[in-house]
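# Report on the structure
What follows is the residue order along each chain.
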Amino acid sequence: MSENNVRYAWFDGAVVPLEQAKISVHNQALQYGTSVFAGMRAYWNAEREQLYLFRPFDHFERLLQSAALLRLDLNYTPAQLLQSLIELLQAEGVDCNCYIRPLVYAANESLGVHLLDSRPELAITLMPLRDGGFVSKAGGMHVCISAWRRVEDNAIPARGKIAGSYVNSLMIRSDAMLAGYDDAIVLNNDGHIAECSVANLFLVRKGVAITPPVTADVLEGIVRRSLIHLLQEALNVEVQERPVDRTEAYLADEMFMCGTGAEITPITRVEHRPVGDGEIGALTSRLSQRFLDIVYGRDSRYMDWLEPVFALQRAVG
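Definitions and cut-offs
Residues numbered from 1 in each chain as written. Predicted model: local features only at pLDDT ≥ 70, side-chain atom pairs only at ≥ 80, totals over all residues. Heavy atoms only, no water. Helix = DSSP H or I, 4+ residues; strand = E, 2+ residues; numbered from the N terminus. Buried < 20%, exposed > 50% of the residue type's maximum accessible area, 1.4 Å probe, protein only. Contact = heavy atoms within 4.5 Å. Lys, Arg positive; Asp, Glu negative; His and termini not counted. Charge placed at Lys NZ, Arg CZ, Asp CG, Glu CD. Axes fitted to C-alpha atoms, helices over the stretch in contact; angles between N-to-C directions. Left-handed = near helix turned anticlockwise from the far one by under 90°. Nonpolar A, V, L, I, M, F, W, Y, C, P; charged D, E, K, R; others polar. Disulfide = S-S within 2.5 Å. Patch = residues over 30% accessible without salt bridge, like charges linked within 9 Å, V, L, I, M, F, W, Y side chains within 5 Å. Areas by Shrake-Rupley, 256 points an atom, 1.4 Å probe, with all protein chains shown as cover. Salt bridge = Lys/Arg side-chain N within 4 Å of Asp/Glu carboxyl O. Expected span 1.5 Å × (residues − 1). Arc of directions from axis to C-beta. 1 Å grid on protein atoms, 1.4 Å probe; cavity = no way out; pocket = protein on both sides within 12 Å on 5 of 7 lines; lining within 4 Å. Points joined across faces, edges and corners; volume = space filled by probe spheres on them. Pairing = 2+ DSSP bridges.

Moving on to the overall build of the chain. The helix and strand inventory of the chain stands at eight helices and 17 strands. Referenced to the eigenvectors of the C-alpha coordinate spread, the extents of the chain come out at roughly 50 × 50 × 30 Å. For the chain, the residues scored as buried account for 54% of the 317 residues in total. Within the chain, residue pairs in contact and separated by at least 24 positions form 70% of the contacts whose partners lie at least 6 positions apart. Each charge sign in the chain was given a centre, from 29 positive and 39 negative side chains, and these centres are 3 Å apart.

Below you can see the structure in the form of structure tokens.
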């Protein structure tokens, strides 16, 4: 498998050649953004010749919850979704790190502006990640505070991965990049820090890890939840989930964004201010190494977070 020869997708209830996975230009999801998605990763352990999915049940549970927000009642369980994904990965013969995009979309071709009688369909596509990840920069990220605000729960719920709401993220990140930054921190309508454009956010102050709560118009991130557990249980670090003021970003000792795409990405500068001493922090580095050991299956204590894809290696453990 390489970036130029992905052969298959899951579409219309089966593994099909990628070129067959198409929808009409009249599709409601295209016209109005009535779809939801998950961002998932699989990690290739070359020594074991095994591909590990990171917390797939959690991702599929959130996918179904996101779909429910749009009245897209997909007739799948998380276990059935996982089986569909494994069939696709096995058919593709994936032997590298891989990004996975399950998509639940309204397949209706009516242009009526409502969510009634929607006909949900499932598609799953793959993208190889041979050179690491989506977000990486040696020395850490340089971010700004965005002039845009995060969509709020009474408008478009940020806790669900609703495709249409990502216009908000695209505007936040695009304007930051045009201004010369790598990404942006975005505030919610209360004026408190929510997250980055497409990733959750952690600050470290005086040895305490701080992250906005899930009620602050943020995605209920699975990597975020995993890191809270690791910080508390594995690294014995206090974690506070609470409203975070803008100025705390200027006073943090360390800062990082996290998510499926970002994994753990250090932030070393906010606008014209260094974060701490302007270098990647010690806690961020320790947490990142622990996380990578887990996702590649090198830490036996967290194997219940992983799902092996290939049957032979699964059988021998």
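From this point, the discussion proceeds with the structure in view.
Let us now look at the packing of helix α2 (residues 56-69) against helix α3 (residues 78-92). At a minimum axis separation of 9 Å, α2 and α3 run at an interaxial angle of 115°. Our pair here, α2 against α3, has a crossing hand that is right-handed. Across from Pro-56, Phe-57, Phe-60, Glu-61, Leu-63 and Leu-64 in α2, the residues of α3 making contact are Pro-78, Ala-79, Leu-81, Leu-82 and Leu-85. Here the contact of α2 with α3 is composed, by residue class, of ten nonpolar, no polar and one charged.

Once that is clear, we can look at the state of the cysteines. Per the stated rule, a full pass over the model turns up zero disulfides. The thiol of Cys-96 is not disulfide-bonded; the next cysteine sulfur, from Cys-98, is found 6.1 Å away. A relative accessible area of 5% places Cys-96 in the buried class.

Turning our attention to a nonpolar patch on the surface. Residues Trp-148, Val-167, Leu-170 and Met-171 make up a contiguous nonpolar surface patch of roughly 370 Å² in combined accessible area. Per-element accounting of the nonpolar patch gives the leading share, three residues, to helix α4 (residues 166-178). Relative to the helices and strands, Trp-148 resides in strand β8 (residues 141-149).

A separate point is α4. Counted at 1.5 Å a residue, the expected span for α4 with its 13 residues is 18 Å, and the 18 Å between its end C-alpha atoms agrees. Taken residue by residue, α4 has Tyr-166, Asn-168, Ser-169, Ile-172 and Ala-176 as its buried positions. One side of α4 carries all its buried residues, which in axial view fall inside an arc of 145°. The outward face of α4, more than 90 degrees from its buried face, is lined by the exposed residues Leu-170, Met-177 and Leu-178. As for α4, its buried residues are in contact with β3 (35-37), β8 and β9 (183-187).

Our focus in this paragraph is empty space enclosed by the protein. For the structure on display, the rule yields one cavity of 30 Å³ or more. In this structure, the largest cavity occupies an estimated 50 Å³ of space. Around the largest cavity sit Arg-41, Tyr-43, Phe-54, His-59, Val-223, Gly-259, Thr-260, Glu-263 and Phe-291, which together line it. When its residues are assigned to classes, the lining of the largest cavity shows four nonpolar, three polar and two charged.

Attention now moves to the environment of Trp-10. Of note, Trp-10 is situated in strand β1 (residues 8-11). Separated by 53 residues in the primary sequence, Trp-10 and Leu-63 place their C-alpha atoms 16 Å from one another. Not counting chain neighbours up to four residues away, the residues in contact with Trp-10 comprise Val-15, Tyr-76, Ser-84, Glu-87, Leu-88, Leu-122, Ala-123 and Ile-124.

Further remarks concern the pairing of strand β7 (residues 120-128). Pairing geometry for β1 and β7, over two bridges, is antiparallel. Considered in β7, the bridge of Trp-10 is made with Ile-124. For strand β6 (residues 98-106) and β7, the ladder comprises nine bridges, and the chain directions are antiparallel. Within β7, the residue paired with Cys-98 across the bridge is Pro-128.

On to the side chain of Ser-197. By the element assignment, Ser-197 lies in the loop between β10 (193-196) and β11 (200-205). Using a relative accessible area of 1% as the deciding quantity, one classes Ser-197 as buried. Discounting chain neighbours no more than four positions away, the residues touching Ser-197 are Arg-150, Ser-169, Ile-172, Arg-173, Asp-183 and Ala-184.

Before going further, it helps to spend a moment on the layout of surface pockets. For the largest pocket, the calculated volume is near 670 Å³. Phe-37, Lys-161, Tyr-166, Val-198 and Ala-199 are the residues nearest the centre of the largest pocket, which is lined by 36 residues in total. Those elements that provide at least two residues to the lining of the largest pocket are α2, β6, α4, β10, α5 (222-234) and β14 (254-259). At seven residues, α4 tops the list of elements feeding residues into the lining of the largest pocket. Of the residues in the lining of the largest pocket, the class split is 17 nonpolar, 13 polar and six charged.

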